[in-house]
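The lines below spell out each chain.
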Amino acid sequence: MTKAELMKFFHDIGIVPVVKIDDAEKAVPLAKAMIRGGLPVAEITFRTAAAEEAIRRVTKECPEMVVGAGTVINPEIAKKAVAAGAQFIVSAGLNPETVKWCNENNIPVVPGVCTPSEIEQGLALGLDTLKFFPAEASGGVGMLKNFAGPFSQVKFMTTGGINASNVTDYAKCGNVITIGGSWMVKADLIENENWDEITRLCAEALKAVQGLEFVHVGINNADEAEAAKAAKMFEAFGLSTNKGNSSTFMDKDIELMHKPFYGTKGHLAFRCIDLERTVYYLSKFGFTVKEESVKYDAKGKMKVCYFNEEIGGFAIHLVK
Ligand code: 3PG
């Protein structure tokens, strides 16, 4: 994977589990549990003697897994990790020697920073994606918002103190490319070979990062007159009419289309944080984007789309 492809993958997957493993024998079953949970990616940290062998085994046995090395404190460890199969290098701090070695050898590297000066050091080394660590202890989401001002070109992989309860807040930060953490692969779960729980926590993390919520139902009508008639009927239920150009909203919950639109009967609209990411996520459930329905914002990011698949005659609509 090139650096650009890896960064796109990081963005789309949204979550990078941080693994600390004591027994390399457990690496492959762990990777399989993560893959079942929808997270074929791991940063395996050099905090244990088993890290190198764990990377080697997962790379060999689970080719679909994107494996990187974490806690890489110097170029020697980076070399070992890459020789074992690591596709990217992560560190808690920023060691210019490690970054230079990775740059010279075309290995994507994401060193850790938590201050503006360290960010500038990363920029000077040619990097535009950095790890924000330890995120929660260094000011969390508030700090990321402050970084977005002077360092609008920098994207962060955030880790440290993130879990199921605050992951959605990080996902909402525009400068967060991906969220890392150990909460779904805790050492005791690995130790006790609690693979089903790891699978469940991976799936839960992946869902949380989408921030999906149902927003409205759209009903197709033959024409504006039919939509107006329907509006009158909904008013009997206490809903108020807000007429627009192509549709009429009843409160914010029901959209009466002024002519037949996507979906045999209409559509179900869901809000998410990042459409590109959620399109990738839903593709794993068989959803395919209706290309002609996609609209982009001024920054070229997807802001609206529909899927080809219908549920009960209703098309699925994603909005930001
Ligand atoms: C890391 O190195 O990124 C952290 O140890 C992960 O942080 P967490 O264990 O608090 O998730």
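Scope of this entry: the structure provided in the associated data block. (Residues numbered from 1 in each chain as written. Predicted model: local features only at pLDDT ≥ 70, side-chain atom pairs only at ≥ 80, totals over all residues. Heavy atoms only, no water.)

1. Considering the pairing of strand 10 (residues 213-219)
- Relative to strand 14 (residues 266-271), strand 10 runs antiparallel, the two being bridged by 6 bridges. Paired with Val 217 across the strands is Leu 268, a residue of strand 14.
- As defined by bridge partners, strand 10 adjoins strand 13 (residues 254-257) across 3 bridges and the pair is classed as parallel. Note that in strand 13 the partner of Ile 219 across the bridge is Leu 256. (Pairing = 2+ DSSP bridges. Helix = DSSP H or I, 4+ residues; strand = E, 2+ residues; numbered from the N terminus.)

2. What about the site of the ligand?
- Neighbouring the ligand are Val 18, Arg 47, Lys 131, Phe 133, Thr 159, Gly 160, Gly 161, Gly 181 and Ser 182.
- In the environment of the ligand, an oxygen atom lies 2.3 Å from a nitrogen or oxygen atom belonging to the side chain of Arg 47.
- A distance of 2.6 Å is found between an oxygen atom of the ligand and a side-chain nitrogen or oxygen belonging to Thr 159.
- Coverage of the ligand by the protein chains reaches 83% of its 310 Å² of free accessible surface.
- Residues belonging to the shell around the ligand are distributed by class as follows: 2 nonpolar, 5 polar and 2 charged. (Near = heavy atom within 4 Å. Polar contact = N/O pair within 3.5 Å; in protein donor to acceptor, adjacent residues only side chain to side chain. Areas by Shrake-Rupley, 256 points an atom, 1.4 Å probe, with all protein chains shown as cover. Nonpolar A, V, L, I, M, F, W, Y, C, P; charged D, E, K, R; others polar.)

3. Describing empty space enclosed by the protein
- One pass over the structure, following the stated rule, counts 1 cavity of 30 Å³ or more.
- For the largest cavity, the calculated volume is near 60 Å³.
- Broken down by secondary-structure element, the contributors of at least two residues to the lining of the largest cavity are helix 2 (27-36), strand 2 (41-45) and helix 3 (51-61).
- Ranked by the residues each element gives to the lining of the largest cavity, the list is headed by helix 2, at 4 residues. (1 Å grid on protein atoms, 1.4 Å probe; cavity = no way out; pocket = protein on both sides within 12 Å on 5 of 7 lines; lining within 4 Å. Points joined across faces, edges and corners; volume = space filled by probe spheres on them.)

4. Regarding the nonpolar core
- Residues Phe 10, Ile 44, Ile 179 and Ile 198 are the most contacted members of the largest nonpolar core, which totals 94 residues.
- Counting residues per element, this core draws most heavily on helix 10 (residues 195-210), which supplies 8 residues.
- Setting aside residues up to four positions removed in sequence, Phe 10 forms contacts with Val 16, Val 41, Phe 88, Met 157, Ile 177 and Thr 178. (Core = buried A, V, L, I, M, F, W, Y, C linked by side-chain atoms within 4.5 Å. Buried < 20%, exposed > 50% of the residue type's maximum accessible area, 1.4 Å probe, protein only. Contact = heavy atoms within 4.5 Å.)

5. Focus on the sheet that holds strand 14
- Spatially, 8 strands are ordered 11-12-13-10-14-17-16-15 in an open sheet, and the strand pairing comes out mixed. Only two strands of the sheet have a single partner each, and these edge strands are strand 11 (241-243) and strand 15 (295-296).
- The sheet contact formed by strand 14 and strand 17 (residues 314-319) spans 6 bridges and is parallel. The partner of Arg 271 across the bridge, within strand 17, is Val 319.
- Set on the sheet, helix 11 (residues 224-235) makes contact with strand 10, strand 11, strand 12 (247-250) and strand 13; between it and strand 13 the angle comes to about 155 degrees.
- Against the sheet, helix 12 (residues 275-283) contacts strand 16 (302-311) and strand 17, and its axis sits at roughly 20 degrees relative to strand 16. (Axes fitted to C-alpha atoms, helices over the stretch in contact; angles between N-to-C directions.)

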